[in-house]
Amino acid sequence: MILSLTIVAASLASWTLTDLYPGSGQNGSASYAYGGSGNTQVGQSYVSALGGGGDAGLWHGVSSTWVDLNPTGASTSIAVGASGITEVGSATFRVQGVFHAHAGYWTETAASWVDLNPPGATDSTAAGVSGATQVGSAKFGFNGYHAGYWSGWAASWVDLNILSNFSSAALGVSGNVIVGYAYDGGQGYHAGYWTGTVASWVDLNPAGSTYSQATAVSGSHQVGWTLVGNLGVNSKHAALWAGSSGTWVDLNPGGSTDSEAYGVVGNLQAGRTLVGVVYHAGYWTGTANSWVDLNPPGFSTSSATGAWTNGVRTFISGYGLSTTGTYHPLLWSRPGTPDAHGTTGIG
C-alpha cells in the first residue's frame, strides 16, 4: 500500500508527504531515506523481519518502486547519496574472516556495483556524489579515516587528510567543493571544505565552537552543525555558512537544545531539531526563527536527511518512527524550486 499524505498544518499546506515503506521486498523491521537526486531517493531497508543487515536501495517516488542494491557477496549495504543515475554508499564484505566496509557506487541496479575501496585501505565509505566525483573516507592502518575523493574507480582515490596522524571525513560534494571535517591539530575536529587538494582546506569552525561538522553543500552555501559549549549530548546547533567561518549562521531555534542540518538546496536547509525530548524533521530558510516543523501525524520522531530540486519540485528526504514502532523512509515534496516560495534566506 502506498501512503501519501498532505500535511494539514497551515504553514505546511504546500508540502506533500509520501511514505516509501513498505514496498515489494521491503517488508522488514525498518527503512530509511538518506538522500536523492531528480526523481530518485536512496537509503536502506532491513528487508527481513527476522533481523540481519540492511540492504541499500532506491525508490522513484513511491514505495512500490523499491530496488534492492545490495551487491552479491555483501552482508549489508547502505546508499546515502545520488547524482543523476549514480548512487553512492558502502557495502560490507567478509575478507579472511573479518568484515570490512567498502565504499562504492551503483547505477540503479545491484549488479552495477563498483567497489571504490582504495589500494591499501582496510575500510572505506562513500558519502556523497556530484557528477563524476564521489567523496568519502578511507582507513589506512591505525591512523583513522582520511577524507578523500574518487573519479569512478578505486585507484583514482585522492587523499585530502590535512594531518597524517589524525582523522578527517568528506561528507558532501557539489561541483568541486567537498565538505566535511578534519582535526585542526589542537582544538578538535572542525567543519570545513576542500577544492581538490589538501592545501585548499578552508576551516569553517566559528569562534566559540569546540567541534563542528559540515555535512552538505549547494552552490556557495554549506550546512552542518557546531558544538556550542562543552562536548556532550544535546548541545549541537544547526549551522549555515557561505564559504568562511565568519559567515556562520546559528540555525538553532529558540527553545531547542539540539539541532543539526543535513541538506541544503538554494535558500532551504533541511535537518532536525530537538522538540521536547524527541527530534522533529524540518527546514530553515537562512535564520533560526525560520524553522518549520515537518514531523508528520502518526510519527513520534523524525529526521530530515537531504534536500534537492529537479527543477520542477523541491524534495526533502528523511525517516520517521511510526507510532507502531517501525522506522519508515519519508519524502516531502512541493511544487517549485527552493527560491520560488517568497522566502528570505541568505540564498
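See the structure shown above.
Residues numbered from 1 in each chain as written. Predicted model: local features only at pLDDT ≥ 70, side-chain atom pairs only at ≥ 80, totals over all residues. Heavy atoms only, no water.

Engineer: Looking at this structure, how should I read the packing of aromatic side chains?
Structural biologist: Each pair of aromatic rings is reported with the distance of its centres and the angle of its planes. One pass over the structure, following the stated rule, counts 19 aromatic pairs. Taken together, a centroid distance of 5.9 Å and an interplanar angle of 85° make the contact between tyrosine 181 and tyrosine 189 edge-to-face. In terms of burial, tyrosine 181 and tyrosine 189 fall into one category: buried. Each member of the aromatic cluster is reached from another via a ring pair, and the members are Phe166, Tyr181, Tyr183, Tyr189, Tyr211 and Trp225. The ring of tryptophan 225 has lysine 236 lying over it, and the distance from NZ or CZ to the ring centre is 5.5 Å. The cationic tip of arginine 272 hangs over the ring face of tyrosine 279; the distance from NZ or CZ to the ring centre is 3.7 Å. (Phe/Tyr/Trp six-rings, centres within 6.5 Å; stacked < 30°, edge-to-face > 60°. Buried < 20%, exposed > 50% of the residue type's maximum accessible area, 1.4 Å probe, protein only. Lys NZ or Arg CZ within 6 Å of the ring centre and 35° of its normal.)

Engineer: It is not clear to me how the nonpolar core should be interpreted in this structure. Could you clarify?
Structural biologist: The nonpolar side chains of soluble globular proteins are, as a tendency, buried together. In this structure, Trp15, Leu268, Tyr283, Leu294, Ile316 and Trp332 are the most contacted members of the largest nonpolar core, which totals 15 residues. Top element by residues in this core is strand S27 (residues 299-309). It accounts for three residues. Ignoring sequence-local partners within four residues, the contact set of isoleucine 316 consists of Trp15, Leu268, Ala270, Tyr283, Leu294, Ala304, Gly306, Ala307, Leu330, Leu331 and Trp332. (Core = buried A, V, L, I, M, F, W, Y, C linked by side-chain atoms within 4.5 Å. Helix = DSSP H or I, 4+ residues; strand = E, 2+ residues; numbered from the N terminus. Contact = heavy atoms within 4.5 Å.)

Engineer: Explanation requested: the environment of glycine 298 in the structure shown.
Structural biologist: Inspection of the secondary structure puts glycine 298 in the loop between strand S26 (292-293) and S27. On the accessibility criterion, glycine 298 (41% relative accessible area) is partly exposed. Excluding residues that lie within four positions of it along the chain, glycine 298 makes contacts with Leu321, Ser322 and Thr323.

Engineer: I tried to follow the pairing of strand S24 (residues 268-275) on my own but got confused; where do I start?
Structural biologist: In the case of a regular strand, side chains alternate between the two sheet surfaces. The buried fraction of S24 is high, at seven of eight residues. Note that strand S23 (residues 259-265) and S24 share six bridges and pair antiparallel. For serine 259, the partnering residue across the bridge sits in S24 and is threonine 273. Hairpin connection of S23 to S24: two residues between the antiparallel strands, including glycine 266 at a positive phi of 55°. Here seven bridges tie S24 to strand S25 (residues 278-284), and the two strands are oriented antiparallel to one another. By the bridge assignment for S25, alanine 270 is matched with tyrosine 283. If you look at the hairpin formed by S24 and S25, you'll find two residues sitting between the two strands, and glycine 276 has a positive phi there, around 70°. (Pairing = 2+ DSSP bridges.)

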